[in-house]
Structures are given as structure tokens and as C-alpha cells.
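The primary structure of each chain is shown beneath.
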Amino acid sequence: MFSSYFKVAWRNITRNKVYSLINIMGLALGMAGAILLLLNIRHGLSVDQFHEHKANLYTAYNRGTVNGQLVSWNATAPPLAPALQQEFPEIKNIARLMGSSRLLRYADKKINAQGNFVDPAFLSMFSFSLLQGNAATVLGDANGIVLTQQLATKLFGSDDPLNKTITTPTGDNFVVTGVLKDLPDNTRFKFEYLLSYGYLQTNGRNPGDWRHMNSNTFVELLPGTHIDAMNKKIAGIAARNSSLLSGQQIFLYPFNKEYLYGRFVNGKPDGGHIDNLRMLGALAGIILLIACINFMNLSTARSEKRAKEVGVRKVIGAGRKSLILQFIGESILMAVLAGIIAFILVEMAIPAFSALINTKLSIPWTSPGFWAMALGFVLLTGLLAGSYPAFYLSSFKPIRVLKGVLKNTNARNFTGAASSRFLLVRNFRWPSVTPRKILVVLQFVFSIFLINFTIIFQKQILYGLNRDTGFVKENLVFQPLTDDLQKSYTAVKNELINSGAASSVCTSNTTVTSYSAEESGLKWAGMDPKSNPAFVLMEEAGNFIRTNGLTLLAGRDIDLDRYAGDTLSCVVNEASVKVLGFKEPVGQVIIDEDKRWKIVGVVKDFLIGDPGEASKQVLIKGGRGKGYLSIRLSANQGTLQAAQQAEAILKKYNTNFLTEVRFADEAYAAKFKQTKNTGSLINIFAFLAIFVSCMGLLGLSVYMAENRTKEIGIRKVLGASVASITTLLARSFIQLILVAIVIASPLSWLFMNDFLLRFSYRTNLNAWVLVAAGAAAIGIALFTIAFQTIRAATANPVKSLRAD
């Protein structure tokens, strides 16, 4: 019986090659798109879920009130970890993490690498595989260093790296105590080496006090510890250790939830990356559903072709169940063929797709679970696509079918006084409602929704890209302020300016596009005692405003050369002024424990954090500003020429270190990399969904033209023009798309409005977006069916009216 079903199904597929090709390729494209998105979702759900102790791992967070709102952040003070470890026996392990960037040297090799300072328990808490060394002891020595396999190969080649000494130009020596297997792609941690947190203390480098939040703190609790009770115990630990932090609370948040649910609103979890994964999941579902709707439409549209087959088989005794099995079997067979093509397409597309999303994806061909899921996916697609056609076709009554009742009635009797021209301009009427038309409308509702969302997402990206940065990023470059450049700073500065390469130079602890630490516990006159806001800390020696192109609104910049007292002066931005509440901020004092910082200037807000967030409070203090050299290239010569000249001067003085000049506009654009990648992802798959919809529309237009051949011939004989016949054929599709626009527009508006609320700095939602999406849908539909409708309208009526 099943062999008979297979033969009939295969015969129907090969007999109707055009429709079979459209059906199979539509399903294949839909399945391929869905598979790629599902692979991405699978990766997102797996991030940091491989750690053995994940159920007991937590991240320490701060919670405080800023401008009347409760906010939470995961930057913590260095003393928090030892205080928690000492006070609470429920804690099994604890580890701090602070970023590090160093030039590592071995023999004649120099490599700038990114790493972390961590406590010794870090590798016992997190499941990063050590190829060499013991996880419990590799970070026990303050001067020990653990390298990733890739960095070890760069430095030592094929030699055994263990116990070899790595030096730095600053005179630090680190002994290799372990080698880590390269980090997996599905982790948030990004480092090439690990240093002991104890190194900061043994070498006299204070990592910070209770007010300086420059570390992440990870806690492993003993199994069975009740997290709510634990959070109540630790809430006031910061306030108990520093009177300046009276309004600040500490709480632990599950580490395995942090990636997916790491966004906090009013101090509580409110989504995160899970929102993006849900969005991609919905997109995958829409693409697959559109492909299945294509299958349903084309199968039911051609029902007349198979009506006699159903009638004859019922007459000779076939039951409805056997017919349903037959038709579902056909759809599953086509789904299997489509699935094979889909996986081939996915395998071909994965390299480019992985590069787009900056994540290495792969199909786990060797996993039995994958094959089970792939088979289930294909069968589910076949069942979904073939269910409606199977029940629809098997419901035909044999007597009605064999009498020809189901024959198309589009060809009308055109005798009498009515002319074809009159018929074409008769009163407008909406088409009758049929399941097939409902499916077409549903298909284009999804397509129009995606067009709307694509437009608003790109509009938001452009809005952020064109956001007033508050600084002039053109002709601005950064260079890490190495010990060599620090020692020769005056000479470097003078040569850069005197050579004409630069118009202004300054030093600061961080660049104008980024920050590394925040500080709370500050006091000032008239402050709300319940408020304990955190300020982004920056430090400069002078000329910071001019070099970075900031806008000075009041007062002046810090200048240690002219004003010796500027070591206790500061500049604040507009966001800080709002928090401080000063009407005239210049001259006011901010108290930082025993230091009194006098405000000497106010600058316009500048973008230092996430482009989608509101401006952060920034406090720029006077000091050494050791960290980065900022150079404003001269406008008197070309940017590239000035940059090359500046780089040559820096190399002259920076002999022991690597010179790595970076443009500010590149650093700023990097903030949008993930958002732009997501935007590109949405564009590609929205286009794919629309393309699959158009394949179905093309199939329906081909069928309609074939089915109305005689009607078109009669109309042409009676004098109808090509334009009027083309309009007639296209009108029914346009009517359905207009219905889809009416349905999709309000739904799209509500969704887009909710989507934009995720951004503190967001674009406006305009009605023209809906108009543009609707016009695009109509244009795409007309373009899709234009060739077939014009071809049908220009056909020779003699051939169409000739007897079959």
C-alpha cells in the first residue's frame, strides 16, 4: 500500500514540474531560513550553560536610586568579595574579575593581548578546560599567568610554555603556570590570558575601595542555599562597610540567567538577549509558515486537476482516511526533498552567516539528537503544509466531481448586449471569501509586518548613528599611553604639534568613547539622602575638551599646567548637573570622602555608553590621566597623511611598546556593530520571507492564467485591450493585499511602538512607515505577477479558444 502511495506521489510530482518546483523550492527556502535562525537561537540559549556548577553560580549586583528610579548594575567594588567570603558561610567560592590589557614579550615576540585579573577560585567555579596545569593552583602565585592555547602558540610556537617567563615593557615578569583550551564561542567571557587578582595587591597597585566599581564579582553558593534568604542577608553589606553607600544594596543574580535576562528596569529583571532570540524565533516561524501557506495555496488551487482522481478512487472504494494519508504522504515526500535541499543550502550559507553574526555556527551532523530533531522538523513541516490540502481534497463528493460541478466557472457567457469593456469597468466588489484567499491575506499580513519592522529597525539604527555624539569624532585618534610615551609626553606632544600632524593633544585614563569604572558614594549640598547615583569616572591632565571636541557650556577645562589646584577640580556633563540639582554648578563642591572636588566647568553630554541609552553622568577629575593619548589631527593636511605622520612620531618614542593608533570614528562605529549585524540579519530574512511569499504568488498567477485562458480569449475577441485584461488579472491579487495592509498596519504599529520603548534614545514612529510598507507590498506583488499576467493578456486568442 505504501509503495503504491509513493508511486502515485512521485508521479504527481514529476508530472507537474513547474508547480512541484515552486512548492519544493518554496519549502526549501523557508526551511533553510528557519534552520539558520534556529541554529542561532540554539547558540544563544547555550551561552554559558556548559559550566558544571551553573546552578549555584551567581553574579553580584548593586541596586540604588538615581533620579528617583531604582537601577541595578553588575559592576562591584573590589572589597566586596573578601567581605562576603568572610561573613557568610553559605558561600563556597568567590572570584572577582577585572579587565586587563598588556603587551606580552617572549624572546623577540611582542603581542598586545586582552585578559583579566581573577581570583584563584575562578577556574574552579567556571568550567574552562585546562590543557596544562591544575585549576586549583595555577592562579595561586601572584606572578603566575594562564594563557589560552592560541596565545601560547603565538608566543612559544611548538615549545612547551609551562614555567617560561613572560616579560612586559613595564618590568613585570609572569611565569606561565597553565594553558587553557581556547574559549568556546558560547561564552560571554573574552580573554587571552588570566592573571591573579592578588598581583594587584602584592605589587602595591590598589584595585580600589568600596566606592570604585571596577570589577565583576561571581559567587558560588553551597547547594541548597535559599537565594532569597541569602539576598536579604547581604543587602546591606556595602552600607555597613562604607557610610557613603547608605542607599546602596547588594544582591545576587543567577549567573545562568544573566545573558538571557540581564536587562533591569526599575531594579527588576526585564528581559535581555532573550528578546532578540524570541524575535528571531518568531521570524523563523513566519518564514516557515509562509512557505507552508504557499504549499497549501498551490495544492488547493489545483484541486480541479485532481478532483476526478479523488472521485474515481472514492467510487472504487477508497475511504477518506486513505486519501488523507495519500495527500499527506505526498506533502511529506515533497518536504523531505525540500529538507535535503534546505540542509545543503544551510551548509553553504553557514560561513557567511557566521561571519555576519560574529558567531561560529555549525550543523552537528554526528549528533543522534540532531538527526532526530531534523527528521521531526521535516515531518512537522510536511504535516503542516499538507494537512489542509489533504482534508480539503479528500472531502470532494464523487457524484459532484464526476458530473463536473467543480469545474471553473470563471469563463462566462459573453453573448448579449454586455460587452467585455463594460464587464471590466463594472462596479468594484470585494472578492468572495475562500480559505485560499484567507491564506494569501495571512501570508501578506506577515510580509507587510516584516517590511514595517525592517523599516523601523533601520530607522532606529540610523537615528543612533546620526545621534549627536557630543564630541567631534572626525580627525580624532587614540593611542594607549605606554610608559615610554608617558616619560616623553612633553616631547611627544610638542613634536606632534610643531610638525603639523596634530592641532591638540591630551592624556586621559580612558578615551572619550568608552569608560572602565563608575563611582558612587559622592556627597554634595542639597542631595537627596535616599539617592546614591554612580558617576562615570574620567581623569585628565588638561586640554581634554579641546582635543576631543567637547562643547563647553560653562566655566573652563582643567589645566594642571596653569592651575596647580586643578588636582582637586572637576568638569561635569549635563546629565551630572541634573542629578546634582545645581542651578549654577560652576564653583559648587562634590565631596569624595576626604577630598572636595570643585566644579570648574560644564560640558554638553557626550556619548560614552550604549548608543540606545540616555547619557550617563560623567565626572572628569584633574589628575595624571594615565591610560590613553588622544590626538586631534591637523585639518591643514589630509587625515591619512596626518595620521601616518603622527604614528611615525609615536613609534620614534615608543620603542619598547607597540604603536596602535585607532580612529575615534571606528571606535564609535564599533558600538553599533551588534545592532547593525542584527539589522542585517532581519533584512536578509525579511527579504527571504517576502521572496517566498512572491513564489507562492507567482504560482497562483500561473495557475490563474492557465485556468482563465478561454475567458481571456473571449474578452480579447470582444475588444478588450491588453491593459484592461492585465488589470483584470492583477486586480484580485491587489484586493487581497489591500486587505492584508488593513490588517497588518495596526498590528505593526502596536508592535513597533512597544519595540522602540526598549531604547532610552529612540526614533519617532511615523505614519509614513506604514504607507511605505503598504506601497512596497503592492509594488512587489505587481512586479511578481506582471510577467505572467502580461503574457496571458498578449496571448493569441485563436490558440486559447481552440478546442482541447
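Residues numbered from 1 in each chain as written. Predicted model: local features only at pLDDT ≥ 70, side-chain atom pairs only at ≥ 80, totals over all residues. Heavy atoms only, no water.

Details of the overall build of the protein chain
Step number 1: A tally of regular secondary structure across the protein chain gives 27 helices and 26 strands.
Step number 2: The proportion of buried residues among the 804 residues of the protein chain is 51%.
Step number 3: For the protein chain, the proportion of contacts with a sequence separation of at least 24, taken over those separated by at least 6, is 79%.
Step number 4: Carbon and sulfur atoms form 58% of the exposed surface of the protein chain, whose accessible area is close to 36600 Å². (Helix = DSSP H or I, 4+ residues; strand = E, 2+ residues; numbered from the N terminus. Buried < 20%, exposed > 50% of the residue type's maximum accessible area, 1.4 Å probe, protein only. Contact = heavy atoms within 4.5 Å. Areas by Shrake-Rupley, 256 points an atom, 1.4 Å probe, with all protein chains shown as cover.)

Points about helix α2 (residues 17-46)
Step number 1: For α2, which comprises 30 residues, the first-to-last C-alpha distance of 42 Å matches the rise-based estimate of 44 Å (1.5 Å per residue) to within 8%.
Step number 2: Following α2 by one or two positions, Asp48 adopts a phi angle in the positive range, close to 55°. (Expected span 1.5 Å × (residues − 1).)

Points about the environment of Gly271
Step number 1: With respect to the element layout, Gly271 can be found in the loop between β14 (268-269) and α10 (273-301).
Step number 2: Each C-alpha atom, one on Gly271 and one on Tyr259, is 9.5 Å from the other, the two residues being twelve residues apart in sequence.
Step number 3: Ignoring any residue separated from it by four or fewer positions in sequence, one finds Gly271 in contact with Leu260, Tyr261, Gly262 and Arg263.

What to know about the pattern of salt bridges
Step number 1: On inspection of all chains with the given rule, the structure shows 17 salt bridges.
Step number 2: A salt bridge links Arg263 to Asp275; its shortest N-O distance comes to 2.7 Å. Of the two residues, Arg263 is situated in the loop between α9 (255-258) and β13 (264-265) and Asp275 in helix α10; the sequence distance between them amounts to twelve residues.
Step number 3: Judged by its relative accessible area of 27%, Arg263 falls in the partly exposed class.
Step number 4: Among the ionic pairs, Arg556 bridges to Asp566, the shortest N-O distance being 2.8 Å. (Salt bridge = Lys/Arg side-chain N within 4 Å of Asp/Glu carboxyl O.)

Considerations on the packing of aromatic side chains
Step number 1: For the structure shown, the criterion picks out 35 aromatic pairs.
Step number 2: Note on Phe126 and Phe255: the rings are 5.1 Å apart at their centroids and 65° apart in plane angle, and the pair reads as edge-to-face. Here Phe126 is found in the loop between α4 (122-125) and β5 (130-132), whereas its partner Phe255 is found in helix α9, with 129 residues between them in sequence.
Step number 3: Between Phe453 and Phe751 the ring centres are 5.5 Å apart and the planes differ by 65°, which places this aromatic pair in the edge-to-face class. With Phe453 in helix α16 (residues 435-465) and Phe751 in helix α25 (residues 722-756), the pair connects residues that are 298 residues apart, well separated along the chain.
Step number 4: Counting every residue linked through ring pairs, the aromatic cluster contains Phe50, Phe122, Phe126, Phe128, Phe189, Phe191, Phe218 and Phe255.
Step number 5: Directly above the ring of Tyr668 sits Lys473, whose terminal nitrogen or CZ lies 5.0 Å from the centroid. (Phe/Tyr/Trp six-rings, centres within 6.5 Å; stacked < 30°, edge-to-face > 60°. Lys NZ or Arg CZ within 6 Å of the ring centre and 35° of its normal.)

Let's talk about the nonpolar core
Across soluble globular proteins, nonpolar side chains show a tendency to be buried alongside one another.
Step number 1: Counting residues in hydrophobic clusters, the biggest one holds 73 residues, and the most contacted among them are Leu27, Met31, Val346 and Phe685.
Step number 2: Mapped by element, the contributors of at least two residues to this core are α2, α10, α12 (320-357), α13 (368-393), α16, α23 (673-707), α25 and α26 (767-793).
Step number 3: The residues touching Met31, leaving out its near neighbours within four places in the chain, are Leu288, Ala335, Ala338, Gly339, Ala342, Phe377, Val378 and Thr381.
Step number 4: Judged by nonpolar contacts, the second largest core, of 23 residues, contains Leu476, Val536, Ile558 and Phe672. (Core = buried A, V, L, I, M, F, W, Y, C linked by side-chain atoms within 4.5 Å.)

Observations regarding the packing of helix α24 (residues 709-717) against α25
Step number 1: Orientation of α24 relative to α25, taken along the N-to-C sense of each, is 150°, at an axis distance of 10 Å. By the angle class used here, α24 and α25 are roughly antiparallel. The two elements α24 and α25 cross, and the hand of that crossing is right-handed. The segment α24 lies against α25, with Glu711, Ile712, Arg715 and Lys716 engaging Ile725, Leu728 and Leu729.
Step number 2: In the contact of α24 with α25, the residues fall into four nonpolar, no polar and three charged. (Axes fitted to C-alpha atoms, helices over the stretch in contact; angles between N-to-C directions. Parallel < 35°, antiparallel > 145°, perpendicular 65-115°, else oblique. Left-handed = near helix turned anticlockwise from the far one by under 90°. Nonpolar A, V, L, I, M, F, W, Y, C, P; charged D, E, K, R; others polar.)

A look at the packing of α16 against α25
The angle between the axes and the distance between the axes are what describe a pair of packed helices.
Step number 1: In contact at an axis separation of 8 Å, α16 and α25 are set at 35° when each is read in the N-to-C sense. In the packing of α16 onto α25, the handedness of the crossing is right-handed.

Considering a nonpolar patch on the surface
Step number 1: On the surface, Val336, Ile340, Ile344 and Met348 cluster together to form a nonpolar patch covering roughly 390 Å² of accessible area.
Step number 2: By secondary structure assignment, the location of Ile340 is in helix α12.
Step number 3: According to the relative accessible area criterion, Ile340 is partly exposed, its value standing at 48%. (Patch = residues over 30% accessible without salt bridge, like charges linked within 9 Å, V, L, I, M, F, W, Y side chains within 5 Å.)

So, the side chain of Ser569
Step number 1: Here Ser569 is to be found in strand β21 (residues 569-573).
Step number 2: Within the local environment of Ser569, its side chain forms a polar contact with the side chain of Asp566, the two groups lying 2.8 Å apart.
Step number 3: Discounting chain neighbours no more than four positions away, the residues touching Ser569 are Ile558, Trp597, Lys598, Val600, Ile620, Lys621 and Gly622. (Polar contact = N/O pair within 3.5 Å; in protein donor to acceptor, adjacent residues only side chain to side chain.)

Considering the confidence of the model for the protein chain
Step number 1: Residues with a pLDDT of 70 or more make up 87% of the protein chain, whose mean pLDDT is 84.
Step number 2: Counted against residues more than four places away or in other chains, residues 407-430, with its pLDDT under 50, gives 33 contacts. (pLDDT = per-residue confidence, 0-100.)

Some words on the pairing of strand β9 (residues 193-196)
Step number 1: Residues Tyr193 and Leu195 of β9 are buried on one face, and the alternating residues Leu194 and Ser196, pointing to the opposite face, are buried as well.
Step number 2: Across four bridges, strand β4 (residues 109-118) lies against β9 in parallel orientation. Across the sheet, residue Phe117 finds its bridge partner in β9, namely Leu195.
Step number 3: Judged from the three bridges that link them, strand β6 (residues 144-148) and β9 form a sheet pairing that is antiparallel. Bridging across to β9, Leu147 finds its partner in Tyr193. (Pairing = 2+ DSSP bridges.)

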